[in-house]
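# Fold and contact review
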Amino acid sequence: MTSGVAGETPMARRKLIAGNWKMHGRSADLVWAERLSGLLGRAPGSEILVFPPATLRAPMASRVPGFVAVGGQDCAAETEGARTGDISASMLADLGARYVITGHSERRRLHGESDGLVRAKSEAALKAGLTPVICVGETLDQRKAGEAEAVVLRQVFASVPEAAAGRVIIAYEPVWAIGTGLHASPEDADRMHRAIREAWRSGDGDQLRILYGGSVNPGNAAGLLSREHIDGALVGGASLDPDSFAAIIRAGG
Ligand code: 13P
């Protein structure tokens, strides 16, 4: 067991609440930034991050309050080249991004991204000075077969580059919980996060931030975020509504 004293979150593990807009949002939706700012007032105790679609990244960054970071939803493994439609990590960094999601299950499933590709993308992010938010998670069939932990740890070993714990973030997003209204119980999620932390090989697992994602909403956020090993949330649908997202942020303390 490598985590810190129960009830005491190390500074390096400040809570992080992130919103992943996926392929949602038009320019008219940027009013979200001012509404969230109005709802929160001053900077909350947690770190706040939003991942809008690439088309809205720059205008969103100019509208959110200074305490909200704006990241990319994906990046290429290469720096530049003949790759129509792709965006490199260094291009995101050039526009001021500090975070990028890699290995989201939707990209693994819909775009056939392997653990090896996710690792290469995450390495590219690190090289560009970004913090990759690397997603892992089991399917319902894998959970039913009692393989959830083995699958997730295998994904962590194969998709996460060797790096100091403070340089990467892992998001545990069980596939069956994404967009379904079903969420892992706080106990189950905490157990998985603890298993990931304990399996972390560099010996600094107590500094590794592990977010939970999958149907997080204002009703279940406090229960999840109060757990020792749950360092934040990666919120999909509920992040599109500023009221819901602000409520989840408040639940993080
Ligand atoms: P939902 O919160 O809509 O289930 O999405 C979770 C997710 O995939 C965040 O990356």
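In what follows, the structure referred to is the one given above.
To start, this report covers the structure provided alongside it.

## Focus on the overall build of the protein chain
Counting its secondary structure elements, the protein chain contains 10 helices and 8 strands. Over its C-alpha atoms the protein chain spans a radius of gyration of 17 Å, differing by no more than 12% from the 18 Å that the globule rule assigns to 253 residues. On the principal axes, the C-alpha backbone points of the protein chain span a range of 45 × 45 × 35 Å. Contacts in the protein chain between residues at least 24 apart in sequence constitute 74% of all its contacts with a sequence separation of at least 6. For the protein chain, the exposed surface amounts to about 11200 Å²; the carbon and sulfur share of it is 51%. Charged side chains in the protein chain number 28 positive and 29 negative. The centres of these two groups are separated by 2 Å.

## Brief notes about the packing of helix H5 (residues 115-127) against helix H7 (residues 148-159)
Relative orientation of the contacting elements H5 and H7 amounts to 50°, with a least axis distance of 8 Å. As far as their axial angle goes, H7 and H5 are oblique. When H5 is examined against H7, the residues Asp115, Gly116, Val118, Arg119 and Ser122 are found in contact with a partner set consisting of Gln155, Phe157, Ala158 and Ser159.

## A closer look at the pairing of strand E5 (residues 131-136)
Regular strands place their side chains on alternate faces of the sheet. Within E5, 6 of the 6 residues are buried, leaving the element largely enclosed by the surrounding structure. Burial of E5 is two-sided: the residues Thr131, Val133 and Cys135 facing one way and the residues Pro132, Ile134 and Val136 facing the other way are all buried. Here strand E4 (residues 99-102) pairs with E5 via 4 bridges, running parallel. In the strand pairing of E5, Val100 is matched with Pro132.

## Side note on the site of the ligand
Around the ligand, a shell composed of Asn20, Lys22, His104, Glu173, Ala177, Ile178, Gly179, Gly214, Ser215, Leu234, Gly236 and Gly237 is seen. A distance of 2.8 Å separates an oxygen atom of the ligand from a polar atom in the side chain of Lys22. A distance of 2.8 Å separates an oxygen atom of the ligand from a polar side-chain atom of His104. Within the complex, the protein chains bury 95% of what would otherwise be the 310 Å² of accessible surface of the ligand.

## A closer look at the pairing of strand E1 (residues 16-20)
Across the 5 residues of E1, 5 count as buried, placing the element largely inside the fold. Side chains Leu16, Ala18 and Asn20 of E1 all project onto a buried face; the interleaved residues Ile17 and Gly19 project onto the opposite face, where all are buried too. The pairing of E1 with strand E2 (residues 47-51) spans 5 bridges and is classified as parallel. In the sheet register, Gly19 faces E2, and the bridge partner there is Val50. In this fold, E1 hands off to helix H1 (residues 31-40), which returns the chain to E2; that crossover is right-handed.

What counts, and where the lines are drawn
- Residues numbered from 1 in each chain as written.
- Predicted model: local features only at pLDDT ≥ 70, side-chain atom pairs only at ≥ 80, totals over all residues.
- Heavy atoms only, no water.
- Helix = DSSP H or I, 4+ residues; strand = E, 2+ residues; numbered from the N terminus.
- Rg over C-alpha atoms; globule rule 2.2 N^0.38 Å.
- Contact = heavy atoms within 4.5 Å.
- Areas by Shrake-Rupley, 256 points an atom, 1.4 Å probe, with all protein chains shown as cover.
- Lys, Arg positive; Asp, Glu negative; His and termini not counted.
- Charge placed at Lys NZ, Arg CZ, Asp CG, Glu CD.
- Axes fitted to C-alpha atoms, helices over the stretch in contact; angles between N-to-C directions.
- Parallel < 35°, antiparallel > 145°, perpendicular 65-115°, else oblique.
- Buried < 20%, exposed > 50% of the residue type's maximum accessible area, 1.4 Å probe, protein only.
- Pairing = 2+ DSSP bridges.
- Near = heavy atom within 4 Å.
- Polar contact = N/O pair within 3.5 Å; in protein donor to acceptor, adjacent residues only side chain to side chain.
- Right-handed = clockwise from strand over helix to strand, strands pointing away.

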